[in-house]
Amino acid sequence: MSDGGAEVGARRTRLPSLWRRHRARWTLPVVIIVVIGLVAVIDHLGSRRISQVDRLVAPALVAATGGSTTVQLDQPWAGFNPNTPEGAASSTPALLTAVLPSAYVISPKLVPQVNSDLLQSVEATSTSPLTIQYVLNPKAVWSDGVPVTADDFIYAWQSQRGTGLDVNGQPDQAASTLGYRDVASVTGSNGGRTVTVVFSTPFADWRILFDHMVPAHIARKVGWNQGFATFDPATVLSAGPYEVQSATGSTAVLVRNPRWWGTPAVLDRVVVTAGNSSTAWLAAMATSDHTVAEPSPFDLALLNAVSSLPNSQSALRPSLDLLSLEFDVHSPVTGRVAARQAIAHAVDRQALLTRTFGDYAPDLAVNQDHLAVASQSSYAPSTAAGEYSQAEPATTDRLLRSLGYHPDPSGAYVDAAGQPFTVRMAVEQGDPWINGVASALAAQFESQGIGVTTVPVDGPAGLAAAAAANAYDMALVTRVSGPFPSATEGWYSNTAAHPGSLDSQDWSQFDDPQVDQLFVQAAQDLNPTTGAAVYAQIDDQLWDQMVALPLFGEPALLANGAQIANTTYNPSVDGVLWNVALWTLLKPGPA
């Protein structure tokens, strides 16, 4: 197996149909003027040589070696360990994707590919017990000259399996223990160049392991939790094509790693800045032909602004972010299935989608799968989702009446004592579009006689606190899907140990023994076809019990100057910098 996911060569802009029509309308007069002008020039030249006319044509752009670019990320980083809870929730994984080594690289199509610069081979030598053998490239070294060895893999496992202790005796804080908690042993041989991983239970998504590894010989001294919290060139080492030269405030500078053993990066220098100010990144795009931006949020006006910039190109792509309405199954209001179904039937998901993204991302669709977004190959729409394809006020009315509610003269549903049917909706802050969707949702509910109280909460930690305090009946949240479906167990299974971590985001507080067992079965099934069928069973159960109502995925925007080539959107945590070593500046060639 080898890494084959890099796209090489400049790409043309592909825009959704509406935006494309707008741009075509703007561009046509310019084309007509240019053509008329050229005809006039040719007519004026008369019998003069054609070679003189050729001088009017701009020379083609050709690849250059070296140079620098600026990259604008949409959120700041939090330290330099991507696998702590704080690091994983920030842009740290994207910043360090070309710095820290990973066993597998996730391609833009979300296909895990062996990092052939780091590893000579990866082989499953046994399935009972599951045993994976990694053979390291003997040239692999950290930027301080210390070889990359099995000890780096061992430390990654020890720190993320859920039972490790940091240098100060405190528990290691890992963003996720997924997969690592199923490993029985990690051992080195052949002078540390061969790593053998033996699992105590099978784990189908084993390729998720050993990503963004920190140097063990440094971490064992400074610690996992806080040792990489701030930038220090003596601790933030590299085993990739770039190293971090400096990091101050919201700006980090990446330069070529002189000890990199693979093909050298093309660019000398990459300046990475963080923030979601549209003014900042638009200004950068306007003043440079080789700036790259992955901004959020954006709207039609912003898309029009960036598309009107000279010498730039931009494209919308489906992201892995999924808006979902999760019901607290233990709430007095939403604890009964009929109540959850009544609320779900009051939602017009297509109207919400059209209102939110219809002006510039008309190709997005309502999501019919709890565990994947529509753009993923693993997306499997459930037949049970069909009855929620559109709002059905009559069904909402029937279900609420079955629970003892009836509409009063104003149309609001009340019980026999006159108490209104009101739900508390937690809204997870941080997503750029979620507040607008929450307002539209509340309006839909109010129009059908269901009262809504909105409860803003601050990210996963705020949701965890609100769930513990029984402070909501349903929660509008942002799910982030990915190439490894076993990661979704923490969404709908209350078995993980640390609420608020990536392993436990069960905002519905749903915990069904049958579904728990199906998650275990799917995670252990080494056959991807039969494993996918088990995940489909889980999704059907979630629809049948109306644990959550998935709404729709969100778009992402990638913009770059016309003189930077090979930038490719990657929806995984590695982000746009996943192939930064291949980025190339373009310069005018000979006339």
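Residues numbered from 1 in each chain as written. Predicted model: local features only at pLDDT ≥ 70, side-chain atom pairs only at ≥ 80, totals over all residues. Heavy atoms only, no water.

### As for the packing of helix H14 (residues 513-524) against helix H15 (residues 528-544)
Move 1: Contact geometry of H14 with H15 gives a least axis separation of 8 Å together with a crossing angle of 160 degrees. The orientation of H14 relative to H15 falls into the category roughly antiparallel. In the crossing of H14 with H15, the sense of the turn from one axis to the other is left-handed. Taken together, the residues of H15 that come into contact with H14 (itself represented by Gln514, Val515, Leu518, Phe519, Gln521, Ala522 and Ala523) are Gly531, Val534, Tyr535, Gln537, Ile538 and Gln541.
Move 2: For the contact of H14 with H15, the class distribution of residues is eight nonpolar, five polar and no charged. (Axes fitted to C-alpha atoms, helices over the stretch in contact; angles between N-to-C directions. Helix = DSSP H or I, 4+ residues; strand = E, 2+ residues; numbered from the N terminus. Parallel < 35°, antiparallel > 145°, perpendicular 65-115°, else oblique. Left-handed = near helix turned anticlockwise from the far one by under 90°. Contact = heavy atoms within 4.5 Å. Nonpolar A, V, L, I, M, F, W, Y, C, P; charged D, E, K, R; others polar.)

### Observations regarding the pairing of strand S10 (residues 251-256)
Move 1: Here strand S9 (residues 242-248) runs beside S10; their pairing, made up of six bridges, is antiparallel. When the bridges of S10 are listed, Tyr242 appears paired with Arg256.
Move 2: Count of turn residues in the S9/S10 antiparallel hairpin: two residues, of which Gly249 carries a positive phi of about 60 degrees.
Move 3: Pairing geometry for S10 and strand S11 (residues 269-274), over five bridges, is antiparallel. By the bridge assignment for S11, Val253 is matched with Val271. (Pairing = 2+ DSSP bridges.)

### With respect to helix H13 (residues 459-468)
Move 1: Taken together, the buried positions of H13 are Gly459, Gly462, Leu463, Ala464, Ala466 and Ala467.
Move 2: On its buried face, H13 sits against strand S16 (422-429), strand S17 (451-458) and strand S18 (474-480).
Move 3: Of the residues one or two after H13, Asn470 is the one with positive phi, at around 55 degrees. (Buried < 20%, exposed > 50% of the residue type's maximum accessible area, 1.4 Å probe, protein only.)

### Observations concerning the sheet that holds S9
Move 1: If you walk across this open sheet you meet the 10 strands as S9-S10-S11-S2-S12-S19-S13-S18-S16-S17, and the pairing is mixed. Sheet topology places S9 and S17 at the edges, where each strand pairs with a single neighbour. Across the sheet, the axes of successive neighbouring strands diverge by a mean angle of 20 degrees, strand direction being ignored.
Move 2: Pairing geometry for strand S13 (residues 312-327) and S18, over seven bridges, is antiparallel. By the bridge assignment, Leu322 is partnered in S18 with Arg479.
Move 3: Most of the contacts of H13 go to S17, to which it runs at about 125 degrees, and overall it touches S16, S17 and S18.

### A short note on the pattern of salt bridges
Move 1: A complete count under the given rule lists five salt bridges for this structure.
Move 2: We note a salt bridge from Asp268 to Arg256, for which the minimum N-O separation is 2.6 Å. Placement of the pair is Asp268 in the loop between S10 and S11 and Arg256 in strand S10, with a sequence separation of 12 residues.
Move 3: For Asp268, a relative accessible area of 34% puts it in the partly exposed group.
Move 4: Of the charged contacts, one joins Arg424 and Asp473 as a salt bridge, the two residues approaching to 2.9 Å between their closest N and O atoms. Taken as a pair, Arg424 in strand S16 and Asp473 in the loop between H13 and S18 lie far apart in primary sequence, 49 residues in all. (Salt bridge = Lys/Arg side-chain N within 4 Å of Asp/Glu carboxyl O.)

### Overview of the side chain of Gln448
Move 1: Assignment of secondary structure puts Gln448 in the loop between helix H12 (434-447) and S17.
Move 2: Once residues lying within four places of it in the same chain are set aside, the contact partners of Gln448 are Ala346, Ala391, Pro393, Thr396, Gly411 and Tyr413.

### What to know about the nonpolar core
Move 1: Grouped together as the largest cluster of nonpolar side chains are 72 residues, with contacts concentrated most on Tyr134 and Phe210.
Move 2: It is helix H5 (residues 150-160) that provides the largest number of residues to this core, a total of six residues.
Move 3: Look past the residues within four positions of Phe210 in its chain and what remains in contact with it is Pro101, Ser102, Ala103, Tyr134, Phe153, Ala156, Trp157, Tyr180, Val186 and Val197.
Move 4: Among the nonpolar cores identified, the runner-up in size contains 58 residues, and Leu352, Tyr405, Ala440 and Ala442 belong to it. (Core = buried A, V, L, I, M, F, W, Y, C linked by side-chain atoms within 4.5 Å.)

### Considerations on the packing of aromatic side chains
Move 1: As enumerated under the stated definition, the model contains 17 aromatic pairs in all.
Move 2: Note on Phe357 and Phe552: the rings are 6.0 Å apart at their centroids and 85 degrees apart in plane angle, and the pair reads as edge-to-face. Pair noted here: Phe357 is in helix H10 (residues 349-357) and Phe552 is in strand S19 (residues 548-561), with a separation of 195 residues, a long-range link. For the pair formed by Phe357 and Phe552, the shared burial category is buried.
Move 3: What links up through ring pairs into an aromatic cluster is the set Phe298, Phe357, Tyr360, Trp433 and Phe552.
Move 4: When the ring centre of Trp157 is taken as reference, the NZ or CZ atom of Arg161 above it lies at 4.5 Å. (Phe/Tyr/Trp six-rings, centres within 6.5 Å; stacked < 30°, edge-to-face > 60°. Lys NZ or Arg CZ within 6 Å of the ring centre and 35° of its normal.)

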